[in-house]
Amino acid sequence: MRSYLNNLHKAFENRIRLGVMSALAVNESVDFNTLRDLLGVTDGNLASHLKSLEKVKFIEVKKTFVGRKPNTSYVMTKAGKKAFEEHLDALEKLIKEQSR
Amino acid sequence: MSNTDSNKNYSQDLFEIRNMMEKSSRFMALSGLSGVLAGIYAIVAAYLAYKIFYFSDEIIYKSISYGELSDNVIKLVGLATATLVLALLTGLFFSYRRAKAHQQKMWDATAKRMLINLAIPLFTGGIFVLIMFSKGAIGLIAPATLIFYGLALVNGSKYTYTDIRYLGIFEIVLGLISCYFIGFGLLFWTLGFGVLHIIYGTVLYFKYEK
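Calculation notes
Residues numbered from 1 in each chain as written. Chains lettered and ligands numbered in written order. Predicted model: local features only at pLDDT ≥ 70, side-chain atom pairs only at ≥ 80, totals over all residues. Heavy atoms only, no water. Helix = DSSP H or I, 4+ residues; strand = E, 2+ residues; numbered from the N terminus. Buried < 20%, exposed > 50% of the residue type's maximum accessible area, 1.4 Å probe, protein only. Contact = heavy atoms within 4.5 Å. Areas by Shrake-Rupley, 256 points an atom, 1.4 Å probe, with all protein chains shown as cover. Lys, Arg positive; Asp, Glu negative; His and termini not counted. Charge placed at Lys NZ, Arg CZ, Asp CG, Glu CD. Expected span 1.5 Å × (residues − 1). Arc of directions from axis to C-beta. Salt bridge = Lys/Arg side-chain N within 4 Å of Asp/Glu carboxyl O. Nonpolar A, V, L, I, M, F, W, Y, C, P; charged D, E, K, R; others polar.

Scanning chain B from N- to C-terminus turns up 8 helices and 0 strands. Traced from its N-terminal end to its C-terminal end, chain B shows the element sequence α-α-α-α-α-α-α-α. Within the span of chain B, comprising 210 residues, buried residues form 41% of the whole.

Here's what the structure looks like:
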């Protein structure tokens, strides 16, 4: 077992969670509806994945108001950013190794 | 899971990540066809300007004095504005169609970001041109519009197709050249807003829409 494989995070094994992290990696914050449209998933499905990312403190909820309508958006935490980058590095190394 | 299987999965993961980063941060409904049409409008407008009220920038540059604006200049501004509005409407229509075909929203965070970044140099240029107009520096208006339009494209390109960056650079170069050749504003406008738009629209169309 190579050491970098420890950096592959369980939290990112799911495509939806991976997608959420990718979108948050390049945007300051992304709101719930945008994430839903980007990933093409149902509200309930997305909500449960967001909750699990929240639980491991990889993302944070940011409640704001657009006019008088509440708007839920999400931001990546520092821990989330670090974990995501490690995950990417590990993926990269893994693929390099195997395609040799 | 065999080695090749997992490799495939991880490659798929990487593809997904790239795709999502791209999709969430760039406006991808920009239409090449509307670029081609905008170029055609520009050429038609330039032809009309040449035929109907032909004048040379240089003549106006030399003859203009405060409070005495040539009728032709007003007409030309009107024609340019009408062309711009027509080009914008066409762009909106085609973007809307493309977004709909891909089941995306046209007006989302990426569109907003692109437009804001386009608008900053564009409005700066617009105000600058108005000031030049009021000071009678008519000869430099055409070059200035090309330069500021180019800067706007370079700035906005970070939030849409990167090809737009090169279009912007070409517009800037053309604008700088036309600064030197005052009096040929109409010709450089035709090249910058007409020919370059048609070339780039065609490139975008074949690259992303075909």
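Attention now goes to the overall build of chain A. A tally of helices and strands in chain A yields 4 helices and 3 strands. Reading the helices (α) and strands (β) of chain A from amino to carboxyl end gives α-β-α-α-β-β-α. For chain A, the C-alpha atoms occupy an extent of roughly 55 × 25 × 20 Å along the three principal directions. Sequence separation of 24 or more characterises 55% of the internal contacts of chain A that already satisfy a separation of 6 or more. With an accessible surface of roughly 6,200 Å², chain A has 50% of that area assigned to carbon and sulfur atoms. Distance between charge centres in chain A, computed from 18 positive and 12 negative side chains, equals 3 Å.

Residue and element names in this part refer to chain A. Across its 13 residues, helix 3 (residues 43-55) extends 18 Å between first and last C-alpha, which sits within 8% of the 18 Å expected from 1.5 Å per residue. By the burial criterion, the buried members of helix 3 are Leu 46, His 49, Leu 50 and Leu 53. Along the axis of helix 3, the buried positions cluster into a sector of 100°, meaning they face one direction only. In helix 3, the exposed positions angled more than 90 degrees off the buried face are occupied by Gly 44, Lys 51 and Lys 55. Where the residues of helix 3 are buried, they touch helix 1 (15-26), helix 2 (32-39), strand 2 (59-66) and strand 3 (69-76).

Moving on to unusual backbone geometry. Positive phi values are uncommon outside glycine, yet Lys 57 of chain A reaches one of about 60°. When you line up the elements, Lys 57 of chain A lands in the loop between helix 3 and strand 2.

We now examine helix 7 (residues 163-180) of chain B. Residue and element names in this part refer to chain B. Between its first and last C-alpha, helix 7 extends 27 Å over 18 residues, near the 26 Å set by a 1.5 Å rise per residue. If you check which residues of helix 7 are buried, you get Asp 163, Ile 164, Leu 167, Gly 168, Glu 171, Ile 172, Leu 174, Gly 175 and Ser 178. If you follow the buried residues of helix 7, they end up packed against helix 6 (141-156) and helix 8 (185-209).

Moving on, we come to the interface of chain B and chain A. Across the contact, 18 residues belong to chain B and 19 residues belong to chain A. Seen at the junction of chain B and chain A, the total is 1 salt bridge. Two residues, Asp 13 of chain B and Arg 15 of chain A, come together in a salt bridge whose shortest N-O distance is 2.7 Å. Tallying contributions element by element places helix 1 (residues 3-25) of chain B first for the side of chain B that touches chain A, with 16 residues. Broken down by class, the residue content of the side of chain B that touches chain A amounts to 5 nonpolar, 8 polar and 5 charged.

The next point concerns the pattern of salt bridges. Residue and element names in this part refer to chain A. Per the counting criterion, the structure on display carries 8 salt bridges over all chains. Residue Lys 10 pairs with Glu 13 through a salt bridge whose shortest N-O separation is 3.8 Å. Assessed through its relative accessible area of 66%, Lys 10 is described here as exposed. Taking the relative accessible area as the measure of exposure, Glu 13 reaches 55% and is therefore exposed. One continuous salt-bridge network, built from bridges that share partners, spans Arg 36, Asp 37 and Asp 43.

To continue, consider the side chain of Arg 17 of chain A. Residues and elements named next belong to chain A. Of note, Arg 17 is situated in helix 1. Here Arg 17 occupies a buried position and makes no salt bridge, while the nearest side chain of opposite charge, Glu 13, is found at 6.9 Å. Those residues within four positions of Arg 17 in sequence are excluded, and the remaining contacts are Lys 10, Ala 11, His 49, Ser 52 and Leu 53.

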